[in-house]
Amino acid sequence: MLNKKSVDDINVNGKRVLCRCDFNVPLDGDKITDETRLVAALPIADGGKVILCSHLGKPKGADKAFSLAPVAKRLSELLGQEVKFAADDTVVGDNARAAVEAMNNGDVILLENTRFR
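Here is what the cut-offs are and how they apply
Residues numbered from 1 in each chain as written. Predicted model: local features only at pLDDT ≥ 70, side-chain atom pairs only at ≥ 80, totals over all residues. Heavy atoms only, no water. Helix = DSSP H or I, 4+ residues; strand = E, 2+ residues; numbered from the N terminus. Buried < 20%, exposed > 50% of the residue type's maximum accessible area, 1.4 Å probe, protein only. Contact = heavy atoms within 4.5 Å. Salt bridge = Lys/Arg side-chain N within 4 Å of Asp/Glu carboxyl O.

Visitor: Any chance you could explain the environment of D28 here in plain terms?
Guide: Structurally, D28 is set in strand β2 (residues 27–28). Judged by its relative accessible area of 56%, D28 falls in the exposed class. Counting along the chain gives 51 residues from D28 to L79, while the straight-line C-alpha distance between them is 22 Å.

Put into structure tokens, the structure is as follows:
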């Protein structure tokens, strides 16, 4: 038997957690046509300051057609709480840093598509 821990075994209360997710979901405009990958990521760790990041598609630089904004909106609905979207074409620029600094325990932020950088 392996003694591996899962995210359910870790107490993240009061800590910042960066979680790399697979939110590369099919979109029709801003509508997600298959949310299986979003549902698989739930529930998201309680009590911590959870920062989510993912890629979407294969954009050549910052292309709004590949923004993760629709994912943040749908995650908010699935979680029953706001998932703040750090719209920042450089992914970890001023908007993202300010959003992370303003986080409270239990907050969830989704960074912009990592392939924009």
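Next, the rest of the story.
Visitor: Where do I start with the environment of V100 in this structure?
Guide: The residue V100 is located in helix α3 (residues 94–101) in this model. A residue is classified by how much of its surface remains accessible, and V100, at 14% relative accessible area, is buried. Not counting the four nearest positions on each side in its chain, V100 is found in contact with R16, I51 and I109.

Visitor: Any chance you could explain the pattern of salt bridges here in plain terms?
Guide: Pairing between side chains of opposite charge can happen when the charged atoms of each approach one another. Under the defined criterion, the tally for this structure stands at six salt bridges. Of the charged contacts, one joins R16 and E101 as a salt bridge, the two residues approaching to 3.3 Å between their closest N and O atoms. Residue R16 is located in strand β1 (residues 16–20), and its partner E101 is located in helix α3; the two are separated by 85 residues in the primary sequence. Using a relative accessible area of 49% as the deciding quantity, one classes R16 as partly exposed. E101 sits in the exposed class, given a relative accessible area of 57%. Here D89 and K64 are joined by a salt bridge, their closest N and O atoms 2.9 Å apart. Within this pair, whereas D89 is found in the loop between β5 (83–86) and α3, its partner K64 is found in the loop between β4 (49–53) and α2 (69–79), the two being separated by 25 residues in sequence. Take K64: its relative accessible area is 57%, and that puts it in the exposed class. A network of salt bridges, in which partner residues are shared, links E35, R74 and E77.

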